[in-house]
Each structure stands twice: as structure tokens, then as C-alpha cells.
Amino acid sequence: LLDAVGAEIERARAGSTRLTIVLVRVAESSLVDSLVEAVREVTGRRAYAVGPTAAAFTLPGQGRANGLGAVARVGSRTTSVGHAAEWRPEETPAELVARLLAESRPDG
């Protein structure tokens, strides 16, 4: 995930475009395959495993609202919840991923 986000940030910087990353989570690890398939079907994007019950994906050229829309569309196909974070130009890939993970914690 971190390598993919880094590559997307470089493209966003070069093109002066937006970038959002999204994390979606299911309750049981046995459901993660259907989650990954739902991400692919809804967004056409590759999903990256984030632990046994979550997947993350990038949305180049799109803002946080589009990311939340993708969360809703994925959630309509599988029982999942999610969060989106839009890249800030001063953020490194690690900072963006860390912010997404912190915001997606149940107590976050």
C-alpha cells in the first residue's frame, strides 16, 4: 500500500491533481475476499490488504467526497465500513497512510 500511495502522490504532484485513499473494513476475515472483489467492481482499482479484515485503495484525481461515495458503493455490495483521506501536498506517503489508519480506528 505504501509503495502504491507513494507512486500516486508523485503523479498527483506532477499533475497538480487531487488524490484520496480509502480504507474499508469488514467484521470477519472470511469476508475480505468479497470486500476486495467489491472494491474492484465498484472502483476498477486494485485493493491492498491492510490486516486480515481491511483493504485500501487509491482514487487518483478525486477528493474525499468521492472517496466517501466509493465507501458507500462498496458497502452496498458487502457489509463494510470505511473512511477516506485526501492527500495534503505537504504529506509524505507514510503520513497520509498513518492519518487514514488513525482516522479509521473505532476510537479515532
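Details of the structure are given in the entry above.
This one's a predicted model, so the numbers in the text were calculated from it and none came from an experiment.

Novice: Go over helix α2 (residues 32-43), please, and point to the residues and values.
Specialist: Its 12 residues give α2 an end-to-end C-alpha distance of 16 Å, which sits within 8% of 16 Å, the value for a rise of 1.5 Å per residue. Where the residues of α2 are buried, they touch β1 (19-25), β3 (54-60) and α3 (64-77). Looking one or two residues beyond α2, the residue adopting positive phi is Gly44, at roughly 75 degrees.

Novice: Lay out the pattern of salt bridges in plain terms, naming residues and giving numbers.
Specialist: The final tally for this structure, using the stated rule, is 8 salt bridges. The salt bridge partner of Glu91 is Arg99, with a shortest N-O separation of 2.8 Å. Accessibility classification places Glu91 together with Arg99 in one group, the buried group. Linking Glu103 and Arg99 is a salt bridge whose minimum nitrogen-to-oxygen distance equals 3.6 Å. Taken as a pair, Glu103 and Arg99 lie in helix α4 (residues 93-104) at a separation of 4 residues, close to a single helical turn. Accessibility expressed as a relative area gives 32% for Glu103, which makes it partly exposed.

Procedures and definitions
- Sequence order as written defines the numbering, with residues in each chain counted from 1.
- Local features are withheld for residues below a pLDDT of 70 in this predicted model, meaning they are given only at 70 or higher, and side-chain atom pairs are given and counted only at 80 or more; totals for whole chains, interfaces and linings count all residues.
- Each side-chain value is worked out from all heavy atoms of the structure, with water and hydrogens disregarded.
- Elements are defined by DSSP. Helices are runs of H or I of four residues or more, strands are runs of E of two residues or more, and each kind is numbered from the N terminus.
- In this analysis, the expected span of each helix is defined as 1.5 Å times one less than the number of residues it contains.
- The contact criterion used is simple: two residues touch if any of their non-hydrogen atoms lie within 4.5 Å.
- In the sections that follow, a salt bridge refers to a side-chain nitrogen of Lys or Arg positioned within 4 Å of a carboxyl oxygen of Asp or Glu.
- Relative accessibility decides the category of a residue: with a 1.4 Å probe and only protein chains considered, values under 20% of the type maximum give buried, values over 50% give exposed, and everything between is partly exposed.

In short, shape yes, function no, at least from these values alone.
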